[in-house]
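Geometric and topological summary
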Amino acid sequence: AQSVTQLDSQVPVFEEAPVELRCNYSSSVSVYLFWYVQYPNQGLQLLLKYLSGSTLVKGINGFEAEFNKSQTSFHLRKPSVHISDTAEYFCAVTLNFGNEKLTFGTGTRLTIIP
Amino acid sequence: DTGVSQDPRHKITKRGQNVTFRCDPISEHNRLYWYRQTLGQGPEFLTYFQNEAQLEKSRLLSDRFSAERPKGSFSTLEIQRTEQGDSAMYLCASSARDRGGTGELFFGEGSRLTVL
């Protein structure tokens, strides 16, 4: 079975500074990877996904992630954060190409400091 | 496109009572999912439907839980004889068929259950 580890439960960052949210997965077969974001009092929404192809994936709101098979990682990055990026970020994985049965990590709460 | 809606948003009940949650997916989305999220954890898969067919159920879904999607549109999740351990946020999500691929999940805001 696959699993996802988000190494940081909370990440405080100053506004306009860069940020990296870490995600590692464990699986012995090919995986499909996702980052979802949950803004306060809203439902989760997709930031980006890796299914195949280029290992650098660009998402919404200036975020990007890099799939690293040898490191089994899919870290999320943004070069300059804004107050509006304050949210909970979830990394997720599935082995099943054809449905959306995802295994989520425990989440990272990103707090932007003005 | 009005998004995924869930009702009720909050439910407080006493242990042993039955509760039912409703989810209205985005119209024309053929897949509907239920996830459960407890404090400090990420969402956990419970079950999913493709149209009206329930294709998979997690081992987390005990016999006290039942989900239906009778006409392939809205879905209900019923919990019978609730226990305090059932307290959680119940999330519904839908997705459109993506030529057999893995599509984007659109989540509702969730139904928070508190069992006293």
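In this report, we go over the structure that sits alongside the text. Worth saying up front: this structure is predicted, and the values here are computed from it rather than measured.

Counting from both sides, the interface comprises 23 residues of chain B and, opposite them, 22 residues of chain A. A buried area of about 1800 Å², summed over both sides, lies between chain B and chain A, and 53% of it is on carbon and sulfur atoms. Taken together, the links from chain B to chain A amount to two salt bridges. For Arg31(B), the salt bridge is made with Glu100(A), and the minimal N-O distance between the two is 2.7 Å. Where chain B packs against chain A, one counts eight residue pairs in polar contact (both at pLDDT 80 or more). Elements supplying a minimum of two residues to the side of chain B that touches chain A: β4 (31–37), β5 (44–50) and β9 (88–95) of chain B. For the side of chain B that touches chain A, the class distribution of residues is eight nonpolar, ten polar and five charged.

Summed over the entire model, instances satisfying the criterion amount to 17 aromatic pairs over all chains. Members of the aromatic cluster, each reached through a chain of ring pairs, are Phe34(A), Tyr36(A), Phe90(A), Phe104(A), Tyr33(B), Tyr35(B), Phe45(B), Tyr48(B) and Phe107(B).

Moving on, we get to the nonpolar core. By size, the foremost hydrophobic cluster in this structure holds 28 residues, and its most contacted members are Leu33(A), Trp35(A), Leu47(A), Leu48(A), Phe74(A), Leu76(A) and Tyr89(A). Only β2 (10–14), β3 (19–21), β5 (32–38), β6 (45–50), β8 (64–68), β9 (73–78), β10 (87–94) and β12 (108–113) of chain A provide two or more residues apiece to this core. Here this core gets four residues from one element, more than from any other, and that element is β10(A). Val19(B), Phe21(B), Leu32(B) and Leu61(B) belong to the second largest nonpolar core, which has 19 residues in total.

Residues and elements named next belong to chain A. Taken as a whole and assessed by the stated rule, the structure comprises twelve salt bridges over all chains. A salt bridge links Glu 66 to Arg 77, with the shortest nitrogen-to-oxygen separation between them at 3.5 Å. You can see Glu 66 sitting in strand β8 and its partner Arg 77 sitting in strand β9, a full eleven residues away along the chain. Residue Arg 77 is classed as partly exposed on the basis of its relative accessible area of 27%.

Let us look at the sheet that holds strand β8 (residues 75–79) of chain B. Residues and elements named next belong to chain B. Spatial ordering of the open sheet is given by β1-β3-β8-β7, a layout of four strands whose pairing is antiparallel. The sheet is open, and its two borders are formed by β1 (5–7) and β7 (65–68), each paired with just one other strand. For this sheet, the mean angle separating the axes of adjacent strands, direction not counted, is 15 degrees. In this structure, β1 lies alongside strand β3 (residues 19–24), joined through three bridges in antiparallel fashion. The residue of β3 that forms the bridge with Ser 5 is Asp 24.

With that settled, consider the state of the cysteines. Under the criterion given, the structure shown has two disulfides over all chains. Disulfide pairing is shown between Cys23(A) and Cys91(A); the S-S distance is 2.0 Å. Where Cys23(A) bonds to Cys91(A) through sulfur, the torsion about that S-S bond is close to -65 degrees, and the disulfide is left-handed. Note that Cys23(A) is positioned in the loop between β3 and β4 (24–26) and Cys91(A) in strand β10, a separation of 68 residues in sequence. Taking the relative accessible area as the measure of exposure, Cys91(A) reaches 0% and is therefore buried. The disulfide partner of Cys23(B) is Cys92(B), and the S-S distance across this bridge is 1.9 Å. Classification of the bridge connecting Cys23(B) and Cys92(B) rests on its S-S torsion, roughly -70 degrees, and on that basis the disulfide is left-handed. With Cys23(B) in strand β3 and Cys92(B) in strand β9, the pair connects residues that are 69 residues apart, well separated along the chain. Like Cys23(B), the residue Cys92(B) is buried in the burial classification.

Reading guide: rules and limits
Residues numbered from 1 in each chain as written. Chains lettered and ligands numbered in written order. Predicted model: local features only at pLDDT ≥ 70, side-chain atom pairs only at ≥ 80, totals over all residues. Heavy atoms only, no water. Contact = heavy atoms within 4.5 Å. Buried area = accessible area lost by both parts, 1.4 Å probe. Salt bridge = Lys/Arg side-chain N within 4 Å of Asp/Glu carboxyl O. Polar contact = N/O pair within 3.5 Å; in protein donor to acceptor, adjacent residues only side chain to side chain. Helix = DSSP H or I, 4+ residues; strand = E, 2+ residues; numbered from the N terminus. Nonpolar A, V, L, I, M, F, W, Y, C, P; charged D, E, K, R; others polar. Phe/Tyr/Trp six-rings, centres within 6.5 Å; stacked < 30°, edge-to-face > 60°. Core = buried A, V, L, I, M, F, W, Y, C linked by side-chain atoms within 4.5 Å. Buried < 20%, exposed > 50% of the residue type's maximum accessible area, 1.4 Å probe, protein only. Pairing = 2+ DSSP bridges. Axes fitted to C-alpha atoms, helices over the stretch in contact; angles between N-to-C directions. Disulfide = S-S within 2.5 Å.

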